[in-house]
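# Close look at the chain arrangement
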Amino acid sequence: MNSVILIAGARLQAVLLLVFSAYMLLRGHNAPGGGFIGGLIAATGFVVYAIACGTADARKALRFDPGSIAGAGLGIALFAGLMAALWGDALFTGQWLFIGATEDDKGIPLSTVLIFDIGVYLVVLGAVLSIAFSLEEAV
């Protein structure tokens, strides 16, 4: 049985890692970062939680099967890549949509690059957690 301090610290650290992973995901297409590193950081948060609280509790906190998360991420990344075909461009060409754009304001930019990064984030998160949970349950 782990100490109360370890469990409380792991919960706090897991939350901080998940928030930081979201930050890395969102800044990734304009600066270093992106879906891959964001997914690794998020997986680290769940692994820390699993070490302190057990794999069963970490799976409950995740709420979805890691393999399903990876599959959904693969579908999202593929969807983002195929979006370019709707405009007649080559696969995985970045497309931009400006929400709320007016003549004076560009609006909020939404790109297929970000959607692709979200897919990569989910693939990496699901794959790493599948491996980590399997290794921890085998011990």
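Up top is the structure these notes are about.
These notes cover the structure that comes with them. (Residues numbered from 1 in each chain as written. Predicted model: local features only at pLDDT ≥ 70, side-chain atom pairs only at ≥ 80, totals over all residues. Heavy atoms only, no water.)

Looking now at the packing of helix H2 (residues 35–53) against helix H3 (residues 55–62). Taken N-terminus to C-terminus, the directions of H2 and H3 make an angle of 140°; their axes are 7 Å apart at the nearest point. By the criterion of interaxial angle, the relationship of H2 to H3 is oblique. The way H2 lies across H3 gives a crossing that is right-handed. From H2, Phe 46, Tyr 49, Ala 50 and Cys 53 reach across to H3, where they touch Thr 55, Asp 57, Ala 58, Ala 61 and Leu 62. Tallied by class, residues from the contact of H2 with H3 come to seven nonpolar, one polar and one charged. (Axes fitted to C-alpha atoms, helices over the stretch in contact; angles between N-to-C directions. Helix = DSSP H or I, 4+ residues; strand = E, 2+ residues; numbered from the N terminus. Parallel < 35°, antiparallel > 145°, perpendicular 65-115°, else oblique. Left-handed = near helix turned anticlockwise from the far one by under 90°. Contact = heavy atoms within 4.5 Å. Nonpolar A, V, L, I, M, F, W, Y, C, P; charged D, E, K, R; others polar.)

Residues Leu 62, Leu 125, Leu 129 and Phe 133 are the most contacted members of the largest nonpolar core, which totals 18 residues. Considering each element in turn, this core owes the most residues, eight residues, to H2. (Core = buried A, V, L, I, M, F, W, Y, C linked by side-chain atoms within 4.5 Å. Buried < 20%, exposed > 50% of the residue type's maximum accessible area, 1.4 Å probe, protein only.)

One pass over the full model with this rule turns up two aromatic pairs. When the ring of Phe 92 is compared with that of Phe 116, the centres are 5.7 Å apart and the planes differ by 80°; the resulting orientation is edge-to-face. Taken together, the residues Phe 92 in the loop between helix H4 (66–86) and strand S1 (96–99) and Phe 116 in helix H5 (residues 112–138) connect sequence positions 24 residues apart. (Phe/Tyr/Trp six-rings, centres within 6.5 Å; stacked < 30°, edge-to-face > 60°.)

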